[in-house]
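In case you want the letters, here they are:
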Amino acid sequence: MSPLVELHRVYRIAVSMRWECVSFRHCLRLLLIAVCALPVSAIRAEDSIDFDRDLVPVIEKHCVGCHGPSKQQGDIRLDNLTSDLLSDRRAAETWHDVLNVLNRGEMPPEDEPPLSERERREFVAWLTNSIEQAAKAQRESGSNIVLRRLNRVEYRNTMTDLLGIKLDYARDLPPDSLSPDGFKNHGATLNFTDLQFEYYLKAARQGLSLAIVTDRQPHVFHERFTESSKDKGPGPWTTTLGSTGMFVARMIEFPHEGEFVIRIRARAVLHPEKDYPQLSVCLGYRADVSAPFSELALVDVISEQSQTYEFRARIEDFPLPSEHQSNYPGMLIWLRNVYNDGQHPQKVDPFTVRTAEIKKAEIIKNPNEYKEYPQIEIESVEFEGPSFSQWPPKSHSTIIFESALRADNESAYAREVLSRFISRAFRRPLEENEIEPYFAHYQTIRQHSDTLEAALREVLAMVLISPDFLYLVEPKTSSGKRPLNDYELASRLSYFLFASMPDDELRRCAEQGTLKDPTELRRQVRRMIQDKRAWQFVEQFTDQWLDLGSVDRVAVNPEFYPEFDDARKNDMRHETQHFFAELLLNDLSALNLLDSDFTMLNQPLARFYGLTGPKGRVFERVPLHPDDHRGGLLTHGAILLGNSTGTDSHPVKRAVWIRERLLDDPPASPPPNVPVLDSSSPQFAKLSVREQMELHRHHIACADCHQGIDPWGIALENFGADGLWREQILRKEQTEAHVEDRFVAVDAESTLPDGTKVNGAEDLKRYLLEQRRDQFAKALTSKLLAYALGRSLELGDEAELSRLTEHFANHDYKLSSLIEEIVISEPFTSK
């Protein structure tokens, strides 16, 4: 029975019962609402709509002008798009986009003749039915997933966890390509080249040469310093680090490879009105005309009681002096206090600090400095390297484990070593005879190798360039869709939240066959979210979803922002990452992403924003007040600076970011012949950005798109390119004689595409919360699901996406709850 027939039956019953007048009218209203809420496909279930007969004329009349052979606005062409949605997935996706714009009333545009009621009804009915059938077919056949390679971050983390040696294994690999969703973990964009193969082999051999040792226990260099050495120049070299002074430790003998540890015993001399002093630790050497060095650590010294600060790294990651270096021999450790009071910014190069030119070292004893500047007192500096708790090191004994079999039957022992390592590398049990090619290779190499370890190194390097290691292998069956087994599920979950191979607990659950239990999956998600390794998820997802890396692509113009310090870019990026982590770890509503009464700041960024915040470099939760002009992603420095020109705001970039990242409604790409703004007019600099954009919309080629884009960005005009609040905009106007500074009042009033008027960021945030909350929730769910699956979403995911979005809303928009639900969902647990 069709829905209309059923409703008609209810209506006749209501009439026959002659309900009381008010109740009867109320019933009719409910029936009318029910009819309006029904999908058009249901209303027309008994009608037969023929695509060629009924819809092709509509497309030719209303669509082909902008989406036909002569013009393809938004890169969409409809006149030759197949109507067979079942066999053509790309066509189904395009028709799904057409349905969305029809349902939103965005097409045809206002200046084109509208569809008649019948045309729209039939078009939407056909699209709805066809898309539902295509989505059902896709769900039954499985998603269109390609084999997914580990991206750079996943590869680096996996190599580190597998070998136990922390190196930048991905240093020489080419950058990962972005998917249409903006992610770097999508299989369709993670290509493979011959050159990459060489890099993988080089990294594998390097890692294994350090993980598996063949030499005797190395000599350990141990040095302890309680007084500063003298470096090039007059100093001051001292144990008291204030706005002046540097502590230098010189080691004539030192290791050239391996992990080292530096322990610094220090205390702070705090100032009640100042923030914590900051200890910078650099490692390098002094050459004749330069000082190559790298920063090992930057840490707040917060206690006036002596504390020991320990830092570990590999010596190979730092500049090492030549063996023939004679004028300034040895390796140097430089310590300095880089506290910045906002009045005397420190420079990055430790050899150009402003006090290094002081001729009389006693000047640093000026008592006023001790009163006005927080100090660091260095008591001792210790260096130990190479550092290890056992020999052979754990990285070696994990692979080349103790066994009596080695002495009795070396070949059998080597086979066992290979079996254990390959199983860990492939993240699953080995199939029968899967080890044979590697064991045969070992037998060949062993004949020409001096030691068992040397032979195994080369064979294991071959393991680390195999597809089973470099890819997340999830074979499809002949029947199409299938559930993931426990080992595949462990890998998918681990690369989602840790960006690395499964840890011991996940492997144990996979071995026991308990991981597919939804209760166990939820438990593992909660455990992993609280693990420090989940920072990999926070960092990677926020960076890619919100394009936080854009701050590094924008050069801030010093003519307009002379006080801007590029070091703030990294702080801005971390503000957004720590903000997301705060919501995740403390079960706070994700609607805080749209507006919030707090943010995450450290001392340098709080000072930059003009806020009272932490006393050190650690990011902490800071409450906000309305007059702070902060709250939510739209006011984060990384978003505002990353979507600017570096000289001024960029309303179009900011608008596109809002639509693409927060609403999952990216506008079409601009046409190749789009005209630029004519800024040559003497009056141009006197116009507000809104007035400049209005000039741009006078061009026919720009008007259609920009009327749906510009208003979103204009509302953020109170924030300059540096991300700071402003009431006026600085412009540089070229006159015949010179460049003249001109200030233009900010105009942040705009009318959004649906006719809503907003004035500034607060109005825009309120609008997003009140009018676009559901769209934002679905957009965030969509992005998180796509990232978790490592692929773009398809029509077959639409029903599950809607269910997940509803769950997200019903659970107070908590990210942890959404992640749990994604992990137990059918798309995540199946192939």
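Now for a quick tour of the structure. It should be emphasised that the depicted structure is a prediction, and the values quoted were computed from it without experimental measurement.

On a plain count of helices and strands, the chain comes out with 31 helices and 17 strands. Looking at the chain as a whole, 51% of its 831 residues qualify as buried. Taking as baseline every contact in the chain between residues at least 6 positions apart, the subset at least 24 positions apart corresponds to 70%.

This part takes up the packing of aromatic side chains. By the definition in use, this model includes 27 aromatic pairs. Centre to centre, the rings of Tyr339 and Tyr373 are 5.2 Å apart; their planes meet at 85°, and the pair counts as edge-to-face. One end of the pair, Tyr339, is in the loop between strand E9 (331–337) and helix H9 (367–372); the other, Tyr373, is in the loop between H9 and strand E10 (375–385), with 34 residues separating them in the sequence. For the pair shown, Tyr339 and Tyr373 are each scored as buried. An aromatic cluster is defined as three or more aromatic residues linked by ring pairs; in this entry it consists of Phe183, Phe496, Phe537, Phe541, Trp545, Phe580, Tyr787 and Phe828. In this structure, Arg420 is placed above the aromatic ring of Phe401, and the distance from its NZ or CZ to the ring centre is 3.8 Å. In this arrangement the basic side chain of Lys732 is found over the ring face of Phe560, its NZ or CZ atom lying 5.5 Å from the centre.

In this structure, Pro386 follows Gly385 across a cis peptide bond, with omega equal to -5°. Along the chain, the position of Pro386 falls in the loop between E10 and helix H10 (394–399). A positive phi angle is found at Asp587, which is not glycine, with a value near 50°. Checked against the element boundaries, Asp587 lands in the loop between helix H20 (567–585) and strand E12 (598–601). Judged by its relative accessible area of 38%, Asp587 falls in the partly exposed class.

At their nearest, the axes of helix H7 (residues 152–163) and helix H8 (residues 194–211) sit 11 Å apart, and the two run at 25° to each other. The angle between the axes of H7 and H8 places the two elements in the roughly parallel class. Once H7 is placed against H8, the crossing between them reads as right-handed. Contacts between H7 and H8 involve Tyr155, Met159 and Leu163 from the former and Tyr200, Ala203, Ala204, Gly207, Leu208 and Ala211 from the latter. Among the residues making up the contact of H7 with H8, the classes are represented as 8 nonpolar, 1 polar and no charged.

This next bit is on the nonpolar core. By size, the foremost hydrophobic cluster in this structure holds 95 residues, and its most contacted members are Phe496, Phe537 and Ile819. At 9 residues, the largest contribution of residues to this core is made by helix H28 (residues 773–789). The residues contacting Phe537, other than those within four sequence positions of it, are Phe496, Leu497, Thr542, Phe580, Leu584, Leu784, Tyr787 and Ile819. Judged by nonpolar contacts, the second largest core, of 49 residues, contains Ala425, Ile435, Tyr438 and Leu452.

Time to look at the environment of Asp566. With respect to the secondary-structure elements, Asp566 resides in the loop between helix H19 (535–545) and H20. Note on Asp566: relative accessible area 48%, which makes it partly exposed. Distance from Asp566 to Asp552, taken between C-alpha atoms, is 9.0 Å for residues 14 residues apart in sequence.

In this section: the environment of Tyr309. Position of Tyr309 among the secondary structure elements: in strand E8 (residues 307–314). In the structure, Tyr309 is positioned 44 residues away from Arg265 in sequence and 6.4 Å away in space, judged by C-alpha atoms. Those residues within four positions of Tyr309 in sequence are excluded, and the remaining contacts are Ile262, Arg263, Ile264, Ala266, Val299, Asp300, Val301 and Ile302.

So, about the sheet that holds strand E7 (residues 293–300). Spatial strand order, E4-E9-E6-E7: 4 strands in an open sheet with antiparallel pairing. This sheet does not close on itself; its edge strands, each paired only once, are strand E4 (247–251) and E7. Ignoring which end each strand starts from, the neighbouring axes of this sheet average 15° apart. As judged from the 7 bridges shared by strand E6 (residues 278–284) and E7, these two strands associate in the antiparallel manner. The residue bridging Gln278 from the neighbouring strand is Asp300, located in E7.

Moving on: the pattern of salt bridges. What the rule picks out here adds up to 51 salt bridges. Between Arg533 and Asp531 there is a salt bridge; the shortest N-O distance is 2.9 Å. When salt bridges with common partners are traced through the structure, they connect Asp503, Glu505, Glu520, Arg523, Arg527, Asp531 and Arg533 into a single cluster.

So, on to the side chain of Ser830. Structurally, Ser830 can be placed in the segment after helix H31 (826–829). On the accessibility criterion, Ser830 (8% relative accessible area) is buried. Of note is the side chain of Ser830, whose polar atom sits 2.5 Å from the backbone oxygen of Glu826. Residues in contact with Ser830, not counting those within four places in the same chain, are Lys481, Arg482, Pro483, Leu484 and Arg492.

The buried fraction of H19 amounts to 9 of the 11 residues, a majority that puts the element mostly inside the structure. Among the residues of H19, Gln536, Phe537, Val538, Gln540, Phe541, Thr542, Asp543, Gln544 and Trp545 are the ones counted as buried. The inward-facing, buried residues of H19 abut H7, helix H16 (486–497), H20, helix H23 (651–662), H28 and helix H30 (815–823). Following H19 by one or two positions, Asp547 has its phi on the positive side, about 55°.

This part takes up helix H4 (residues 51–62). Since the α-helix turns once every 3.6 residues, residues separated by three or four places project in the same direction. Looking only at H4, the buried set comprises Phe51, Asp54, Leu55, Val58, Ile59 and His62. For H4, the buried positions fall inside an angular range of 115° around the axis, keeping them on one side. Residues Asp52, Arg53, Glu60 and Lys61 are exposed on H4 and point more than 90 degrees away from its buried face.

Counting buried positions along E10 gives 9 out of 11 residues, so the element sits mostly inside the fold. Of the strand pairs in this sheet, strand E2 (residues 221–225) and E10 are connected by 5 bridges, and their pairing is antiparallel. Looking at the pairing, Arg224 lines up with Glu382 of E10. The pairing of strand E3 (residues 240–241) with E10 spans 2 bridges and is antiparallel. Its bridge partner being in E10, Thr240 is matched across the sheet by Glu377. Of the pairings in the sheet, the one linking strand E5 (residues 259–269) to E10 comprises 9 bridges and is antiparallel in character. Bridge pairing links Arg267 to Glu377 in E10.

A large share of E4 lies buried, amounting to 5 of its 5 residues. Along E4, one buried face is formed by Phe247, Ala249 and Met251 and the opposite face, lined by Val248 and Arg250, is buried too. Pairing of E4 with E9, which is carried by 5 bridges, proceeds in the antiparallel orientation. Bridge pairing in E9 places Ala249 opposite Ile333.

Right, let's talk about the environment of Tyr373 for a bit. In this structure Tyr373 comes out as buried when scored by relative accessible area, which is 5%. Placed 132 residues apart in sequence, Tyr373 and Leu241 show a C-alpha to C-alpha distance of 9.8 Å. Within the structure, Tyr373 has its side chain in polar contact with the backbone oxygen of Tyr339 (distance 2.5 Å).

Cut-off values and rules
- Residues numbered from 1 in each chain as written.
- Predicted model: local features only at pLDDT ≥ 70, side-chain atom pairs only at ≥ 80, totals over all residues.
- Heavy atoms only, no water.
- Helix = DSSP H or I, 4+ residues; strand = E, 2+ residues; numbered from the N terminus.
- Buried < 20%, exposed > 50% of the residue type's maximum accessible area, 1.4 Å probe, protein only.
- Contact = heavy atoms within 4.5 Å.
- Phe/Tyr/Trp six-rings, centres within 6.5 Å; stacked < 30°, edge-to-face > 60°.
- Lys NZ or Arg CZ within 6 Å of the ring centre and 35° of its normal.
- Axes fitted to C-alpha atoms, helices over the stretch in contact; angles between N-to-C directions.
- Parallel < 35°, antiparallel > 145°, perpendicular 65-115°, else oblique.
- Left-handed = near helix turned anticlockwise from the far one by under 90°.
- Nonpolar A, V, L, I, M, F, W, Y, C, P; charged D, E, K, R; others polar.
- Core = buried A, V, L, I, M, F, W, Y, C linked by side-chain atoms within 4.5 Å.
- Pairing = 2+ DSSP bridges.
- Salt bridge = Lys/Arg side-chain N within 4 Å of Asp/Glu carboxyl O.
- Polar contact = N/O pair within 3.5 Å; in protein donor to acceptor, adjacent residues only side chain to side chain.
- Arc of directions from axis to C-beta.

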